[in-house]
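This is what each chain is made of:
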Amino acid sequence: MKAAEASAEFIRKDIRNLRRKYGFVNDGHTCDLCGYALLTRPFYMFPCEHVFHTDCFVNEIRPFLDSAQAKELLTLQMQLAEATAAHSVSVCHSVHINL
């Protein structure tokens with residue numbers, strides 16, 4: 001039981017530390033999967049500093065997902081697309097109003 005508690009505490013501390021970690025990218029960075037310029041499309045940067053275009057990463061992991069995981073991925077992608085679209089509209093309206 002003590003080992004499980006110690007392990008759980010270690011994981012909690014690791015997650016807290018990851019929230020404060022950041023990385024830098026520049027125009028010379030490329031996607032670690034396709035090799036094209038990173039800043040041309042949305043991307044993920046992992047704590048290990050690997051960087052992938054979002055679509056490259058999803059296409060890479062999709063074959064390894066079971067049907068429930070694939071469905072969850074699709075749901076998350078749709079939610080992200082909706083949130084991004086709503087944010088884009090909000091930003092456009094605020095810019096339009098401020099002009």
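J.: Explain the overall build of the chain here, please?
T.: In terms of regular secondary structure, the chain is built from three helices and two strands. When the helices and strands of the chain are read in sequence order from the N terminus, they spell out α-β-β-α-α. Taken across its 99 residues, the chain has 9% of its residues classed as buried. When the accessible surface of the chain is totalled, it reaches about 8200 Å², and 62% of it is carbon and sulfur.

J.: Help me understand unusual backbone geometry, please; the structure alone is not making it clear to me.
T.: Trans peptide bonds make up the majority, and among non-glycine residues the majority have a negative phi. Unlike most non-glycine residues, E49 shows phi in positive territory, near 75 degrees. Note on placement: E49 falls in the loop between β1 (43–45) and β2 (51–53).

J.: In this structure, what is going on with the environment of F46? I would like to understand it.
T.: Among the secondary structure elements, F46 is positioned in the loop between β1 and β2. Overall, the relative accessible area of 28% leaves F46 in the partly exposed class. Placed 25 residues apart in sequence, F46 and K21 show a C-alpha to C-alpha distance of 10.0 Å. Filtering out sequence-adjacent residues up to four positions away, F46 remains in contact with F52 and F57.

J.: When you look at the packing of aromatic side chains in this model, what are you seeing that I'm missing?
T.: The description of an aromatic ring pair rests on the distance of the ring centres and on the angle between the ring planes. Summed over all chains, the structure comprises five aromatic pairs. Ring plane angle 65 degrees and centroid distance 5.8 Å describe the contact between F46 and F52, whose orientation is recorded as edge-to-face. With a relative accessible area of 13%, F52 lands in the buried category. Here the aromatic cluster, defined as three or more aromatic residues joined through ring pairs, consists of Y44, F46, F52 and F57.

Conventions and cut-offs
Note that residues are indexed from 1 along each chain, following the sequence as it is written. The predicted origin of the model limits local features to residues at a pLDDT of at least 70 and limits the giving and counting of side-chain atom pairs to 80 or more, whereas totals for whole chains, interfaces and linings rest on all residues. Water and hydrogen atoms were dropped before computing side-chain values, which therefore reflect all heavy atoms in the structure. By the criteria applied, helices consist of DSSP H or I runs no shorter than four residues and strands consist of E runs no shorter than two, each listed in order from the N terminus. Relative accessibility decides the category of a residue: with a 1.4 Å probe and only protein chains considered, values under 20% of the type maximum give buried, values over 50% give exposed, and everything between is partly exposed. Here the Shrake-Rupley method, with its probe set to 1.4 Å, supplies the accessible areas, and only the displayed protein chains count as covering residues. Here a residue-residue contact requires only that any non-hydrogen atoms of the pair lie within 4.5 Å. Each Phe, Tyr or Trp ring, with Trp reduced to its six-membered ring, pairs with another whose centre is within 6.5 Å; inter-plane angles below 30 degrees give stacked pairs, above 60 give edge-to-face pairs, and intermediate values give tilted ones.

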